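Working through the structure, step by step
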Amino acid sequence: IGYLYALPKFHKRTPKQRFIAALSNCTTTQCSKLLTRVLTLVMNTLRSKDDAGIATSGIRRFFVVDGYEEVAEFLPRACRDISASRFLYTGDFATMYTTIPHLDLILKIEHCVKEAVLWHSDQEGINVNRVCFQLAGNSDCVFGSRSPRSEDVFDATFKVLSVETTMSLVDFLVTNTFILNGDVLRRQKVGIPMGTNCGPVLANLYLYAYESAFIDRLQRNDSAAARAFHMTFRLIDDVLSVGNPNILDYIYLPAPDFASPPDVIGGIYPSELKLEDTSISNSKVHFVGMTITVKDDILCLDLFDKRDEFPFQVIRFPHMDSSIPICIPYGVFTGGLYRRYRICSSSESFIRRSVELAVLLVTKGCSRRRIWRLFRRFLELRTPLRWRRTVCTLCRLFTPQLYS
């Protein structure tokens, strides 16, 4: 049986707690792991469907991203030819996991699964009733084809699931989450536990069902307004919108039910989920470890670390005198360069953020000379650089700040 624990949020002005259900090794773990692989395939299929739809209609209805990389790569290309002032908005679902109604969640997941299966059957030219999910060992789940009368397979190394069986597993997992809190055993009646394996993909598909339905309704009434959502992104419970002030007209309205007339647009998300505005201003926001700002009608991206805003000092990285392999801190530096290179839209911000990391590692006992070599080697492997600067120029800017 899973148990409940809490993580304190000491960085908040009024300290709060995040409650998490520890379900890594309980009666539903295997079911949750299995559904993670199946629903990840559904998610990727819906992404492919949206990519194909954008090519024909120019309207994007899949907002889900897997990390900062997608946003950092997409925004500079999408905004290159767009002048005028940018409108930035970020929002956060403060209690998303704990407020999702079970029945609505199951219905929306079923809708997403059937949408993905139908699109796959159309692409492959097979009967939709023959589509199934196949899982071999630890490899990724793939679509398969079988007779509708065939039975499901649950071998240790190979599994074949029909759509109906998949939805039965979703229903079982969602409605049979038991959590031990002290000496009290409780069943979760609302929401999904932040701790079960497939929790993130369940939340993603649930919100996708509402987002795609909203874009479909908006497209039928105003295709130009639907295209304005092209630069909308969501990572689990964090939402970013670029260049679309009209989003404020919809995020605070509840989404209509599926029985509403087609001319009713309504809001994006259900009434149970409240999206809180986390924007700093209309021209500056933080999103997934990035600071996005508008300067002189240009969209600028920079690194953001929320630990820098904590009201206390955060001790980061062990000292080189501790019992760790010597190569680990230098690997951390190289990994940090990758992140900064992908995010920073200017060479100046890249140098500044790289120096900050380098100096911090030097205070932990790292060699300045080895840090400098790693920095130069990193740039040499990426020529021509994304900025109109040479490797020598960036090294000349980096060196004096490292040795100061």
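Structure: above.
Residues numbered from 1 in each chain as written. Predicted model: local features only at pLDDT ≥ 70, side-chain atom pairs only at ≥ 80, totals over all residues. Heavy atoms only, no water.

A closer look at the overall build of the chain
Scanning the chain for helices and strands turns up eleven helices and 15 strands. The C-alpha atoms of the chain give a radius of gyration of 24 Å, which matches the 22 Å a tight globule of 404 residues would have. Seen through its C-alpha atoms, the chain measures out along the principal axes to roughly 70 × 55 × 45 Å. Here the chain holds 404 residues, and the buried ones make up 45% of them. Taking as baseline every contact in the chain between residues at least 6 positions apart, the subset at least 24 positions apart corresponds to 67%. (Helix = DSSP H or I, 4+ residues; strand = E, 2+ residues; numbered from the N terminus. Rg over C-alpha atoms; globule rule 2.2 N^0.38 Å. Buried < 20%, exposed > 50% of the residue type's maximum accessible area, 1.4 Å probe, protein only. Contact = heavy atoms within 4.5 Å.)

Some points on the sheet that holds strand 4 (residues 131-136)
Here four strands make up an open sheet; going across it, the order is 5-4-7-6 and the pairing antiparallel. In this open sheet, the two strands that pair with only one neighbour each are strand 5 (142-145) and strand 6 (153-154). Relative to strand 5, strand 4 runs antiparallel, the two sharing four bridges. Its bridge partner being in strand 5, Cys-132 is matched across the sheet by Gly-144. Most of the contacts of helix 4 (residues 102-124) go to strand 4, to which it runs at about 95 degrees, and overall it touches strand 4 and strand 5. Strand contacts of helix 5 (residues 163-175): strand 4, strand 6 and strand 7 (158-161), with the helix running at about 95 degrees to strand 7, the strand carrying the most contacts. (Pairing = 2+ DSSP bridges. Axes fitted to C-alpha atoms, helices over the stretch in contact; angles between N-to-C directions.)

Quick notes on the sheet that holds strand 15 (residues 298-303)
The three strands are arranged 13-14-15 in an open sheet whose pairing can be described as antiparallel. The open sheet has two edge strands with one neighbour each: strand 13 (284-287) and strand 15. Adjacent strand axes in the sheet meet at a mean angle of 25 degrees when their direction is disregarded. Inspection of the sheet shows strand 14 (residues 290-295) paired to strand 15 by six bridges, in the antiparallel sense. Following the sheet pairing, Thr-291 is matched in strand 15 by Asp-302. Running at roughly 170 degrees to strand 15, helix 8 (residues 327-343) makes contact with strand 14 and strand 15 of the sheet.

Structural notes on unusual backbone geometry
A cis amide bond links Thr-383 to the next residue, Pro-384, at an omega of -5 degrees. At Val-288, a residue that is not glycine, the phi angle is positive and equals roughly 50 degrees. Inspection of the secondary structure puts Val-288 in the loop between strand 13 and strand 14.

Concerning the packing of aromatic side chains
Taken as a whole and judged by the stated rule, the model has 17 aromatic pairs. Seen in terms of ring centroids, Tyr-3 and Tyr-5 are 6.3 Å apart; in terms of plane orientation they differ by 45 degrees. Their pairing is tilted. For Tyr-5, a relative accessible area of 36% gives the class partly exposed. Every member of this aromatic cluster is reached through a ring pair, and the members are Tyr-338, Tyr-341, Phe-350, Phe-375, Phe-378, Trp-387 and Phe-398. One residue, Arg-60, lies across the ring of Phe-74, its end atom 5.9 Å from the ring centre. Between the NZ or CZ atom of Arg-339 and the centre of the ring of Tyr-68, over which it lies, the distance is 5.9 Å. (Phe/Tyr/Trp six-rings, centres within 6.5 Å; stacked < 30°, edge-to-face > 60°. Lys NZ or Arg CZ within 6 Å of the ring centre and 35° of its normal.)

A closer look at the packing of helix 4 against helix 6 (residues 199-221)
One way to put it is that helix 4 packs onto helix 6 with a least axis distance of 9 Å and a crossing angle of 80 degrees. Viewed along their axes, helix 4 and helix 6 adopt a mutual orientation that is roughly perpendicular. Residues Asp-104, Leu-105, Lys-108, Ile-109, His-111, Cys-112 and Glu-115 of helix 4 touch helix 6, and the partners they reach there are Leu-202, Leu-205, Tyr-206, Tyr-208, Ala-209 and Tyr-210. Class assignment of the residues belonging to the contact of helix 4 with helix 6 gives a composition of nine nonpolar, one polar and three charged. (Parallel < 35°, antiparallel > 145°, perpendicular 65-115°, else oblique. Nonpolar A, V, L, I, M, F, W, Y, C, P; charged D, E, K, R; others polar.)

Describing a nonpolar patch on the surface
Taken together, Ile-1, Tyr-3, Tyr-5, Leu-7, Phe-178, Leu-180 and Leu-185 make up a surface patch of nonpolar side chains, about 640 Å² in accessible area. When residues of the nonpolar patch are traced back to their parent elements, those giving at least two are strand 1 (2-9) and strand 8 (178-181). Among the elements that make up the nonpolar patch, the one with the highest residue count is strand 1 (three residues). Within the secondary structure, Tyr-3 sits in strand 1. (Patch = residues over 30% accessible without salt bridge, like charges linked within 9 Å, V, L, I, M, F, W, Y side chains within 5 Å. Areas by Shrake-Rupley, 256 points an atom, 1.4 Å probe, with all protein chains shown as cover. Salt bridge = Lys/Arg side-chain N within 4 Å of Asp/Glu carboxyl O.)

Regarding empty space enclosed by the protein
Overall, the coordinates contain one cavity of 30 Å³ or more when judged by the stated rule. Its volume calculated, the largest cavity comes out at about 50 Å³. Considering the residues around the largest cavity, the lining is formed by Leu-173, Val-174, Thr-177, Gly-191, Ile-192, Pro-193, Thr-196 and Leu-202. (1 Å grid on protein atoms, 1.4 Å probe; cavity = no way out; pocket = protein on both sides within 12 Å on 5 of 7 lines; lining within 4 Å. Points joined across faces, edges and corners; volume = space filled by probe spheres on them.)

Observations concerning the pattern of salt bridges
In this structure the tally under the stated criterion is 17 salt bridges. With a shortest N-O distance of 2.4 Å, Lys-108 and Asp-104 are connected by a salt bridge. Remark: Asp-104 and Lys-108 occur in helix 4; sequence separation between them is four residues, near one turn of the helix. For Lys-108, a relative accessible area of 6% gives the class buried.

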